[in-house]
Amino acid sequence: RWLAGLAVLRGLHLMLLLLGRTVPLSFVHRVTTCCPSSLSRPVFVSSVLIKLRTTTSASYSTVFVSAAGQNTGTMPERRPFVRLPTDVYPVNYGLCLKPDLIDFTFEGKLEALVEVTQATNQIVMNCADIDIITASFAPQGGEEINATGFNYQNEDEKVTLSFPSALQKGSGTLKIDFVGELNDKMKGFYRSKYTTAAGEIRYAAVTQFEATDARRAFPCWDEPAIKATFDITLIVPKDRVALSNMNVIDRKPYPEDENLVEVKFATTPIMSTYLVAFVIGEYDYVESQSSDGVTVRVYTPVGKAEQGKFALEVATKTLPFYNDYFSVPYPLPKIDLIAIADFAAGAMENWGLVTYRQALLIDPKNSCSSSRQWVALVVGHELAHQWFGNLVTMEWWTHLWLNEGFASWIEYLCVDHCFPEYDIWTQFVSADYTRALDLDALDSSHPIEVNVGHPSEVDEIFDAISYSKGASVIRMLHNYIGDEDFRKGMNAYLVKFQHKNASTEDLWDCLEQASGKPIAAVMGSWTKQMGFPIIVVDQEQVSDDRILKISQKKFCASGPHNGEECPNWMVPLSICTSEDPKCTKLKVLLDRPETTITLSGVSPDQWVKINPGTVGFYRIQYSSSMLESLLPGIRDLSLQPVDRLGLQNDLFSLSRAGMISTVEVLKLMEAFVNEPNYTVWSDLSCNLGVLSSLLSHTDFHEEIQEFIRDLFTPIGLELGWDSKPGEGHLDALLRGLVLGKLGKAGHKPTLEEARRRFKDHMEGKQVLPADLRSPVYLTVLKHGDSATLETMLKLHKQADMQEEKNRIERVLGAISAPDLIQKVLNFALSEEVRPQDTVSVIGGVAGSSKHGRKAAWKFVKDNWEELYSRYQGGFLISRLIKKHPHNLTNCSLYDFQQISPNKSTAVDL
């Protein structure tokens with residue numbers, strides 16, 4: 001669910017992401033390849049620097065401005081929207097569903113205990129793609145009244161049930177019989193195709209209700225604030241597994257058909273409709289218990305139970321961590337995690353039944369390190385929602401950012417606790433923090449908190465501003481408050497609002513009371529206005545004091561902010577010195593445009609750094625002398641990895657905004673030649689990918705490839721191709737990244753070794769380790785021909801693991817020949833690619849080359865009707881459009897409006 005913007009350009013490999021998730025996990029598939037032992041030592045070539053010196057920073061800026069400029073197309077007005085009336089509300093849903101896995105329909109019976117708050121002769125509910133057969137209302141102790149009409153408002157996805165006489169104030173039972181379709185759109189109650197071990201195609205029935213699709217499974221009050229309890233019964237084939245939010249309390253033969261069973265589940269806690277879930281299919285499972293007594297199961301395709309063990313390990317560690325962190329126990333007796341074949345999002349936090357893509361499955365021999373890390377993070381994310389989102393739910397979708405931003409932050413806290421060897425907080429800065437900064441610097445950004453009205457608008461805010469910027473400002477808030485007071489405030493919030501709904505302001509109140517700090521005032525400046533500041537810093541030495549002159553102004557990717565009114569933020573600033581780079585010497589709250597700060601006891605030979613740990617959500621522009629003093633900290637590694645990364649990333653962003661010369665950034669990058677940290681290299685790789693993509697339109701493209709080869713060769717030599725004793729998770733990630741970068745840049749020894757290893761892999765002589773597959777596949781495809789592509793497509797067809805299929809799908813776009821690029825695009829819409837993965841294939845083509853971008857955009861336009869029909873305006877279609885840099889131009893915006901004149905409200909351009 002990601003915006004396009006400059007993030008699309010953040011390195012060619014970034015286009016090869018696993019595109020699912022309710023969670024921002026952009027670093028996961030940055031791993032590409034590793035480095036040959038036959039590399040020669042590099043000689044830094046200055047030709048690229050010499051040639052780029054002839055390009056002024058102004059003209060360099062112009063290249064970027066074309067990607068950051070404002071969208072001037074005319075978008076349609078917001079659709080009018082009125083929330084459901086409050087004169088009738090549900091207390092309990094008694095729901096029975098009988099899906100037909102052959103004809104793809106379902107029958108349903110709803111008996112809802114409701115409360116009438118004022119007399120009315122109609123009931124308004126949400127309903128979409130459902131046909132109501134009969135409806136009646138029986139007041140408590142009174143006679144049943146049959147509804148005389150069903151008025152469907154299809155645009156608003158509502159139905160009005162009309163009754164011949166007024167329903168009086170008090171309790172009653174609403175009964176509705178209805179039928180619906182098990183659709184193939186991956187939303188509501190839908191069918192998911194899978195193949196048995198014998199090769200037979202079968203279907204499961206599964207659900208995805210967030211944000212507003214419970215109404216496609218049963219008529220309901222489908223708003224997050226209208227909570228109720230649920231008693232769910234499923235009538236299913238007796239040889240199928242049936243799951244729902246709660247544990248099974250009864251399973252008995254269905255009297256009308258001996259091939260069916262009736263499965264009844266325990267009553268849920270009071271909850272929102274979007275968190276209801278049920279799954280019917282064929283699954284195996286592995287089971288354990290958390291240390292606090294909760295039964296945890298991971299459901300997998302039949303025969304693949306072993307591949308659920310890693311997720312089970314993560315879940316059983318995660319639940320006790322959150323129990324302890326929130327000081328609130330998990331309220332359900334069980335939690336199930338299940339891998340679904342066809343699933344649009346990366347995962348969904350349904351209370352007690354969390355659904356995932358099949359990327360949840362980890363094969364010890366065939367899964368790479370980045371896949372393990374993705375599973376750890378996404379399990380941490382979804383289980384955090386069991387408290388923050390499920391137990392306490394946002395009052396309306398306007399507050400979605402808090403749900404997702406919080407979970408996107410605390411997933412890292414959880415993984416850092418469970419897997420400290422991942423160095424996950426440094427990865428957060430590269431994966432979420434810098435990504436959010438890039439997108440939020442665009443004129444097309446939006447505030448974190450967006451006023452949401454019509455349901456069609458909800459999917460549009462499942463983006464990197466809600467997730468990644470949301471997570472980044474919560475990380476800054478946590479640092480500003482301190483962990484102890486933050487936990488105290490979180491506990492107060494969860495206890496006060498458990499089983500209820502809350503707004504952003506409710507959380508700020510609890511944190512303010514716990515910390516005594518002006519949380520609402522500080523955070524309002526970050527959530528209610530788009531963008532962020534650049535902190536401009538200069539210094540002066542006076543005796544043993546360092547005088548810092550600090551100012552803030554809005555940072556824009558298109559260049560210095562020239563608006564009449566410049567917004568201000570309340571900025572928590574931290575400052576450290578070279579005396580102890582890990583220790584904050586001073587904290588201040590910058591609540592005005594500029595200020596002066598005195599640091600006592602700082603000698604002239606010490607450097608001063610703003611934002612240690614790269615926690616504050618802002619860019620920094622140092623004076624020349626301050627920047628020069630920081631450079632030795634990069635070379636001798638005395639600066640923390642996260643700060644080396646942040647310094648480089650800030651400078652690169654300043655250069656693409658035209659505020660400094662690109663040459664200065666390339667000179668800085670040379671200082672990283674001895675860099676040992678994976679995440680720092682990952683961020684360097686992203687930024688060089690941006691530059692490479694831009695220079696593909698110029699005469700400098702080969703020079704930047706040479707620069708990349710020279711920069712990455714020493715670390716490639718050091719790592720080699722094969723893992724060594726004592727190496728860990730980060731070494732595997734770094735090897736894959738470096739080899740992929742060298743291979744794509746055309747480093748001959750890497751290319752030769754990749755081809756040799758790929759040949760051995762295909763001939764069965766030596767199977768490629770999982771961590772080397774992406775870089776090898778990418779390298780041979782980038783420099784391959786039609787035979788290479790055919791071999792890769794054959795490998796895809798033979799793959800038994802979805803992870804391997806996805807790995808291949810993400811790199812197919814690297815092929816260079818125009819006719820082969822078209823073949824890959826056609827493959828994206830074939831039966832060989834699962835519907836949710838089509839976006840990955842097209843995105844891989846769009847991110848591969850100048851020709852790939854043009855071909856992908858033409859393909860999307862030519863196949864728009866099929867793509868729109870496939871995704872029905874959900875966030876996958878939005879993500880597909882945002883994958884294309886061309887959508888940043890007025891010309892292609894016009895193109896888009898021509899192919900979709902009446903559907904553009906579904907895509908937040």
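Quantities reported herein were computed from a predicted structural model and do not represent experimental measurements.

### Some thoughts on the side chain of N245
Move 1: Turning to its location among the elements, N245 is positioned in the loop between strand 12 (241–244) and strand 13 (248–253).
Move 2: For N245, a relative accessible area of 2% puts it in the buried group.
Move 3: At 3.5 Å, the side chain of N245 forms a polar contact with the side chain of S244.
Move 4: Of the polar contacts made by the side chain of N245, one reaches the backbone oxygen of L275; its length is 2.8 Å.
Move 5: Excluding anything up to four places from it in sequence, N245 contacts I232, T268, M271, L275, V276, A277, L332, K334, N350, W351, G352 and L353.

### Looking at unusual backbone geometry
Move 1: The residue after E210, namely A211, is reached through a cis peptide bond having omega 10°.
Move 2: Looking at the secondary structure, you find A211 in the loop between strand 10 (201–208) and strand 11 (229–237).

### Details of a nonpolar patch on the surface
Move 1: Side chains of Y89, V91 and L113 sit close together on the surface and give an oily, nonpolar patch of about 230 Å² of accessible area.
Move 2: Locating V91 in the fold gives a position in strand 1 (residues 88–100).
Move 3: In this structure V91 comes out as partly exposed when scored by relative accessible area, which is 34%.

### Re the sheet that holds strand 27 (residues 594–600)
Move 1: Strand order in the open sheet formed by four strands is 27-24-23-29, and the pairing between neighbours is mixed. The open sheet has two free edges, formed respectively by strand 27 and strand 29 (619–622), since each of these has just one partner strand. Taken pair by pair, the neighbouring strands of this sheet meet at an average axis angle of 25°, ignoring direction.
Move 2: The pairing of strand 24 (residues 545–554) with strand 27 spans seven bridges and is antiparallel. Considered in strand 27, the bridge of R546 is made with L599.

### Side note on the sheet that holds strand 11
Move 1: Spatial ordering of the open sheet is given by 5-4-8-2-1-11-14-13, a layout of eight strands whose pairing is mixed. For this open sheet the edge positions go to strand 5 (145–146) and strand 13, each flanked by a neighbour on one side alone.
Move 2: In this structure, strand 1 lies alongside strand 11, joined through six bridges in parallel fashion. Its bridge partner lying in strand 11, G94 is registered against D231.

### Quick look at the packing of helix 16 (residues 729–744) against helix 18 (residues 770–782)
Pairs of packed helices are described in terms of their axes, by the angle between the two and the distance that separates them.
Move 1: Their axes nearest at 8 Å, the elements helix 16 and helix 18 cross at an angle of 5°. Put simply, helix 16 runs roughly parallel to helix 18. Contact residues: A732, R735, G736, L739, G740, G743 and K744 in helix 16; D771, L772, P775, L778, T779 and K782 in helix 18.
Move 2: Partitioned by chemical class, the residues of the contact of helix 16 with helix 18 number five nonpolar, four polar and four charged.

### Considering the confidence of the model for the protein chain
Move 1: With 87% of its residues at a pLDDT of 70 or more, the protein chain has an overall mean of 86.
Move 2: Confidence drops under a pLDDT of 50 for residues 885–891, and excluding neighbours within four residues, the segment shows 17 contacts in the predicted structure.
Move 3: Predicted confidence is poor over residues 901–909, with pLDDT under 50, and the contacts of this stretch with residues over four places away or in other chains come to 28 contacts.

### A few points about the pattern of salt bridges
Move 1: Going through the model one piece at a time under the given rule, you end up with 49 salt bridges.
Move 2: The salt bridge partner of D438 is R656, with a shortest N-O separation of 2.0 Å. Of this pair, D438 sits in helix 6 (residues 424–440) while R656 sits in helix 12 (residues 641–656), and the two are 218 residues apart along the sequence. We note that D438, like R656, is buried.
Move 3: Taking the shortest distance from any N to any O, the salt bridge between D650 and R619 comes out at 3.0 Å. Linking D650 in helix 12 with R619 in strand 29, this pair joins segments that are 31 residues apart in sequence.

Conventions used here
- Residues numbered from 1 in each chain as written.
- Predicted model: local features only at pLDDT ≥ 70, side-chain atom pairs only at ≥ 80, totals over all residues.
- Heavy atoms only, no water.
- Helix = DSSP H or I, 4+ residues; strand = E, 2+ residues; numbered from the N terminus.
- Buried < 20%, exposed > 50% of the residue type's maximum accessible area, 1.4 Å probe, protein only.
- Polar contact = N/O pair within 3.5 Å; in protein donor to acceptor, adjacent residues only side chain to side chain.
- Contact = heavy atoms within 4.5 Å.
- Patch = residues over 30% accessible without salt bridge, like charges linked within 9 Å, V, L, I, M, F, W, Y side chains within 5 Å.
- Areas by Shrake-Rupley, 256 points an atom, 1.4 Å probe, with all protein chains shown as cover.
- Salt bridge = Lys/Arg side-chain N within 4 Å of Asp/Glu carboxyl O.
- Pairing = 2+ DSSP bridges.
- Axes fitted to C-alpha atoms, helices over the stretch in contact; angles between N-to-C directions.
- Parallel < 35°, antiparallel > 145°, perpendicular 65-115°, else oblique.
- Nonpolar A, V, L, I, M, F, W, Y, C, P; charged D, E, K, R; others polar.
- pLDDT = per-residue confidence, 0-100.

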